[in-house]
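So the chains spell out like this:
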Amino acid sequence: MGYSVAAGATGRLLFGYDSFGNVCGKKNSPVEGAPLSGQDMTQKKHVFFMNSCNLEVKDVRLSSTVLCVSSCPEEQLDTLEEVQLFANTSGSFLCVYNLNSFNYTQIPNADLLCPRLPVPPSKSFPLFNRCIPQTPECYSLFASVLINDADSLHRILSGIMSGRDTVLGLCILAFALSLAMMFTFRFITTLLVHIFIALIVLGLLFVCGVLWWLYYDYTDDLSIELDTERENMKCLLGFAIVSTVITAVLLILIYVLRKRIKLTVELLRVTNKAISSSPFLLLQPLWTFAILIFFWVLWVAVLLSLGTAGAAQVIEGGQVEYKPLSGIRYMWWYHLIGLIWTSEFILACQQMTVAGTVVTCYFNRNKSDPPDRPILSSLSILFCYHQGTVVKGSFLITVVRIPRAVLMYVYNTLKEKDGALSRCVSQCCCCCFWCLDKGLRHLNQNAYTTTAINGTDFCTSAKDALKLLSKNSSHFTSVNCFGDFIIFLGKVLVVCFTVFGGLMAFNYHRVLQVWAIPLLLVAFFAYLVAHSFLSVFETVLDALFLCFAVDLETNDGSSEKPYFMDQEFFDFVKRINKLNTRAQRNKNSLTSEEGTELRPL
């Protein structure tokens, strides 16, 4: 970051610059050999592209001439007379600087020095002051060139641009549903769980049915002639098939686990009792999300600043381009590692804070007098003593994710070629790294909890956590799975209702070019938000059972070594053990009846 500030072009990035080396909104110094450079642009703060609907990249630079203007045209301009009238009334000149507005309609080559007609209506982007076209077609072309030109990206961006208000509304709906689900789990009862599961079943079946109905409605529509409408129909078929499979699997799991609902309610009550001692734990995802957003914005700003750094060089026509500094273009690899590692570090700090809070409340002898400010105490211990533990854990995830990202890039590259064996090998490696990533995340969570209990380093904590989990797995593995499954169903419910709202909203606006991809993005965002809020319950649940395992390992329930767990939690674990013992006896009885005589107990 320091290097990007020293060598980068932060001013040119934030304020924008024209094709002649002038930074908009600033007083500029002249560049030797460029007659239109060095102008005072303090009143011209907006960046205007003279050919915004037909941008092209030639030799790593935009083909369109870029100017600094005082305001963007908010209405479409169809003729040079309208461009001249706009310049005279608003004082914003859209032609090259050395052409007077009086000559817009007089000289024969004015069309080469003025913007390509028609000029689309545009608005200035709030932060970077770029005049961005507002028509969906021009916007998709404009944005896709700046990202990297691709035909499919044109239609996707056009769909997002056309339905941006709907997408924003659906994201707000997902946020509200996630908050509602969090409070539902906070005050859960047996009746509420039954209502909750009924809503999930109805939501799954309803969304699945609506997807198939929309698909058949598209196939029966004789007016489908555009390629984009056919793409919508194919995406709907894919959504319908995937939703049917997911619905079938979840309904089977709900039917199989229906008898465990009462135990699950008790489990969530135990979890809520742990959360009630420090209710501000439920706000942890908000703080983490805000810090992550700040870091991601900063990361993108540094990346763009490094990408625009360079020395001024005059080219044909008196225009100026900036040649990148040698070696700076390869620093994005290092910057990418920093993105993954720092993001994982921030998430690991949240896990460590939650685990430390649960540990502080669990290992408190006087349950009627909870400790003061356990979250702040956990944060202070984290920053004073356990930064190395969090750094190591997040580094392990980074080491796994980088090869996985490289393999995914290789797979996408080979997908267009005929190397079936190479594609298969790369896909298998990606699956292995995905499994390793999931396993390491679970191990890290338990290692952070063990560190909060014992104060040991990361490697020692991970080893102790593995020993404890393997020795006491019979006590809580099945129960933990039930709790995690109910929490996962909560995430599914949020996604179902968000997708249903999106289907209804997008279906009434079939003029959109491609709305299947925006709907998929909304579904992904809904799951991400729901996971961010409900993951607190998962983290508390895992930390609680690991504390229970440590409690069993170090105490025996006698007067000399009493358990730290309260009576409600202890009774709950005893009921689980009785159920497991009864199930094992039934299994042994069935085995004996098949061909072996039952021996007397």
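Residues numbered from 1 in each chain as written. Predicted model: local features only at pLDDT ≥ 70, side-chain atom pairs only at ≥ 80, totals over all residues. Heavy atoms only, no water.

Colleague: Would you take a moment to explain the overall build of the chain for this structure?
Modeller: Helix and strand counts for the chain stand at 19 helices and 8 strands. Pairs at least 24 residues apart make up 68% of the contacts formed inside the chain by residues separated by at least 6 positions. For the chain, the accessible area works out to roughly 32,200 Å², and carbon and sulfur atoms hold 63% of it. (Helix = DSSP H or I, 4+ residues; strand = E, 2+ residues; numbered from the N terminus. Contact = heavy atoms within 4.5 Å. Areas by Shrake-Rupley, 256 points an atom, 1.4 Å probe, with all protein chains shown as cover.)

Colleague: Before we go on, may I ask you to explain the state of the cysteines in this structure?
Modeller: What is meant by a disulfide is a covalent connection between two cysteines, made through their sulfur atoms. Counted according to the given criterion, the structure contains 3 disulfides. The residue that forms a disulfide with Cys24 is Cys68, at a sulfur-sulfur distance of 2.0 Å. Because the sign of the S-S torsion sets the handedness, a value of about -80 degrees for the bond joining Cys24 and Cys68 places this disulfide among the left-handed ones. Of this pair, Cys24 sits in the loop between α2 (10-15) and β1 (46-49) while Cys68 sits in strand β4 (residues 66-69), and the two are 44 residues apart along the sequence. One exposure class covers both Cys24 and Cys68, and it is buried. Disulfide pairing places Cys95 opposite Cys114 at an S-S distance of 1.9 Å. (Disulfide = S-S within 2.5 Å. Buried < 20%, exposed > 50% of the residue type's maximum accessible area, 1.4 Å probe, protein only.)

Colleague: Before we go on, may I ask you to explain the packing of aromatic side chains in this structure?
Modeller: Centre-to-centre distance and the angle between the planes together describe a pair of aromatic rings. Here the structure, examined in full by the defined rule, presents 6 aromatic pairs. Ring centres of Phe363 and Phe564 lie 5.1 Å apart, and the angle between their planes is 70 degrees; this geometry places the pair in the edge-to-face category. Taken together, the residues span a long stretch of sequence, with Phe363 in the loop between α12 (331-362) and α13 (374-385) and Phe564 in the loop between α18 (516-554) and α19 (567-593) at a distance of 201 residues. The partly exposed category is assigned to Phe363, whose relative accessible area is 23%. Judged by its relative accessible area of 18%, Phe564 is buried. Measuring from centroid to centroid gives 6.4 Å for Tyr448 and Phe458, while their planes differ by 50 degrees, and the two rings are tilted. Note that Tyr448 is positioned in helix α15 (residues 420-454) and Phe458 in helix α16 (residues 458-471), a separation of 10 residues in sequence. Taking the relative accessible area as the measure of exposure, Phe458 reaches 5% and is therefore buried. Here a set of aromatic residues connected by ring pairs shows up, and it is made of Tyr362, Phe363 and Phe564. (Phe/Tyr/Trp six-rings, centres within 6.5 Å; stacked < 30°, edge-to-face > 60°.)

Colleague: Explanation requested: the UniProt feature "transmembrane region" (unreviewed entry) in the chain in the structure shown.
Modeller: Within the UniProt annotation, "transmembrane region" (unreviewed entry) is assigned to residues 167-188, 195-216, 236-257, 286-312, 332-363, 485-506 and 512-530. Summarising residues 332-363: 97% helix, 0% strand, and an end-to-end C-alpha distance of 46 Å. Taken end to end, residues 485-506 comprises 100% helix and 0% strand; its first and last C-alpha atoms sit 31 Å apart. (UniProt positions renumbered as here; feature names shortened; annotations may be inferred.)

Colleague: Can you walk me through the packing of α12 against α13 in this structure?
Modeller: Helix-helix packing is described using two parameters, namely the angle between the two axes and the distance between the axes. Following both chains from N to C, one finds α12 and α13 inclined at 125 degrees, their axes separated by 8 Å at the closest point. The angle between α12 and α13 falls in the class oblique. α12 and α13 meet at a crossing whose hand is right-handed. Each of Cys349, Met352, Thr353, Gly356, Thr357, Thr360 and Cys361 in α12 lies in contact with α13, whose residues at this interface are Pro374, Ile375, Ser378, Leu379 and Leu382. Its residues placed into classes, the contact of α12 with α13 shows 7 nonpolar, 5 polar and no charged. (Axes fitted to C-alpha atoms, helices over the stretch in contact; angles between N-to-C directions. Parallel < 35°, antiparallel > 145°, perpendicular 65-115°, else oblique. Left-handed = near helix turned anticlockwise from the far one by under 90°. Nonpolar A, V, L, I, M, F, W, Y, C, P; charged D, E, K, R; others polar.)

Colleague: What's the story with the nonpolar core in this structure? I'm lost.
Modeller: Core analysis: the largest hydrophobic core is formed by 69 residues, its most contacted members being Phe185, Phe196, Tyr362, Leu489, Phe537, Val540 and Phe569. Elements that contribute at least two residues to this core include exactly α7 (164-186), α8 (190-220), α9 (227-256), α10 (261-276), α12, α17 (473-507), α18 and α19. For this core, the leading source of residues is α18, giving 17 residues. Once you skip the residues sitting within four places of it in the chain, Phe569 turns out to touch Val270, Tyr362, Leu544, Phe545 and Phe548. Counting residues in each nonpolar core, the second largest holds 31 residues, with Leu36, Cys68, Val83 and Ile132 among its members. (Core = buried A, V, L, I, M, F, W, Y, C linked by side-chain atoms within 4.5 Å.)

Colleague: Looking at this structure, I do not really get the side chain of Asn446. What am I missing?
Modeller: Inspection of the secondary structure puts Asn446 in helix α15. Overall, the relative accessible area of 3% leaves Asn446 in the buried class. Those residues in contact with Asn446 that lie beyond four places of it in its chain are Ala465, Leu469 and Leu546.

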